[in-house]
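Coordinate analysis (summary)
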Amino acid sequence: MGAWGTLLATIAGAAIALVGQHLVKRSEERARISELLLEQCAVVAASSTEFRDRIWEERHLGLEGRVAGWDLSALRLATARVHILSKDEALLSSLDQLNRAGRRLGSCWRRGDVNDADYDDLWDRHGAAMKQFLAASGKVVRRRLSHF
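Here goes a summary of the coordinates provided. Not measured: the values here are computed from a predicted model.

About the thresholds
Residues numbered from 1 in each chain as written. Predicted model: local features only at pLDDT ≥ 70, side-chain atom pairs only at ≥ 80, totals over all residues. Heavy atoms only, no water. Helix = DSSP H or I, 4+ residues; strand = E, 2+ residues; numbered from the N terminus. Buried < 20%, exposed > 50% of the residue type's maximum accessible area, 1.4 Å probe, protein only. Contact = heavy atoms within 4.5 Å. Expected span 1.5 Å × (residues − 1). Polar contact = N/O pair within 3.5 Å; in protein donor to acceptor, adjacent residues only side chain to side chain. Axes fitted to C-alpha atoms, helices over the stretch in contact; angles between N-to-C directions. Parallel < 35°, antiparallel > 145°, perpendicular 65-115°, else oblique. Left-handed = near helix turned anticlockwise from the far one by under 90°. Nonpolar A, V, L, I, M, F, W, Y, C, P; charged D, E, K, R; others polar. Patch = residues over 30% accessible without salt bridge, like charges linked within 9 Å, V, L, I, M, F, W, Y side chains within 5 Å. Areas by Shrake-Rupley, 256 points an atom, 1.4 Å probe, with all protein chains shown as cover. Salt bridge = Lys/Arg side-chain N within 4 Å of Asp/Glu carboxyl O. Lys, Arg positive; Asp, Glu negative; His and termini not counted. Charge placed at Lys NZ, Arg CZ, Asp CG, Glu CD.

The helix and strand tally for the protein chain stands at 4 helices and 0 strands. Across the protein chain, helices and strands are ordered from the amino to the carboxyl terminus as α-α-α-α. Put simply, the protein chain has 148 residues, and 33% of those count as buried. Within the protein chain, contacts between residues separated by at least 24 positions form 72% of all contacts whose residues are at least 6 apart in sequence.

This is how it looks when you write it as C-alpha cells:
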C-alpha cells in the first residue's frame, strides 16, 4: 500500500505543480496585455497632445508646417491596438470620440481662414475628449493591473 500512496502523492504533486505553472503563466500573460494596453493608451494621449501643440504653434507662434509634419500613422496604429487589446465600451467610446474631435479640429485647421468661434469650439471639444479618454483609459488600466 505504501507504493500506491507514494505514487498517488507524486501524481498529486505533479498535478499541483502543473496547475500552478498554468496559473502563473496566465497571470503573466494578463499583466503583459495590460502593460501593452497602458502603452498604447499613452501613445494615443501623447500623439493627440502633440497634434494640439502643433496646431497651437502654427496658430499662435506662426510656425509653418507643424501640423503637416505630425505623425498620424502612429495615432492610427495605437488606436487599432487599443481596439484589439480592450473590449471596454467606455474606453473605446472615448477613444472614438477623441479621434472624431481630432479629425474635426484638423479639418477646420487645414481649411485655413478659420472662424475663431468655430475653432475655439472644436479646440474645447478636443480638449474635453482628451480628458475623457485619459479618465477612461486610466480606469481600465488600473482595474486590469489591480487584478494581479
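Three or four residues apart is the spacing at which side chains of an α-helix point the same way, because the helix has 3.6 residues per turn. With 31 residues, helix 4 (residues 116-146) ought to run about 45 Å at 1.5 Å a step, and its terminal C-alpha atoms sit 44 Å apart, in line with that. Between a side-chain oxygen at the N-terminus of helix 4 and the backbone nitrogen of Ala117 the separation is 2.8 Å; the capping residue is Asn115.

Before going further, it helps to examine the packing of helix 3 (residues 89-111) against helix 4. Any two packed helices are characterised by how steeply their axes cross, that is the angle between the axes, and by the distance between the axes. At their nearest, the axes of helix 3 and helix 4 sit 8 Å apart, and the two run at 155 degrees to each other. Classed by the angle they form, the pair helix 3 and helix 4 counts as roughly antiparallel. When the axes of helix 3 and helix 4 are compared, the crossing they make is left-handed. Taking contact as the criterion, the partners of Ala90, Leu91, Ser94, Leu95, Gln97, Leu98, Ala101, Gly102, Arg104, Leu105, Cys108 and Trp109 in helix 3 are, on helix 4, Tyr119, Leu122, Trp123, Arg125, His126, Ala129, Met130, Gln132, Phe133, Ala136, Ser137 and Val140. For the contact of helix 3 with helix 4, the class distribution of residues is 16 nonpolar, 6 polar and 2 charged.

Another aspect to go through is a positive patch on the surface. Where like charges cluster on the molecular surface, the positive patch consists of Arg76, Arg100, Arg103 and Arg104. Counting residues per element, the positive patch draws most heavily on helix 3, which supplies 3 residues. By secondary structure assignment, the location of Arg76 is in helix 2 (residues 72-85).

On to the packing of helix 2 against helix 3, then. Two numbers describe how helix 2 lies on helix 3: the axes approach to 10 Å, and their chain directions differ by 160 degrees. As the angle between them shows, helix 2 and helix 3 are arranged roughly antiparallel. At the point where helix 2 passes helix 3, the crossing takes the left-handed sense. From helix 2, Leu75, Thr79, Val82 and His83 reach across to helix 3, where they touch Leu91, Leu92, Leu95, Asp96 and Asn99. Per-class residue counts for the contact of helix 2 with helix 3 are 5 nonpolar, 3 polar and 1 charged.

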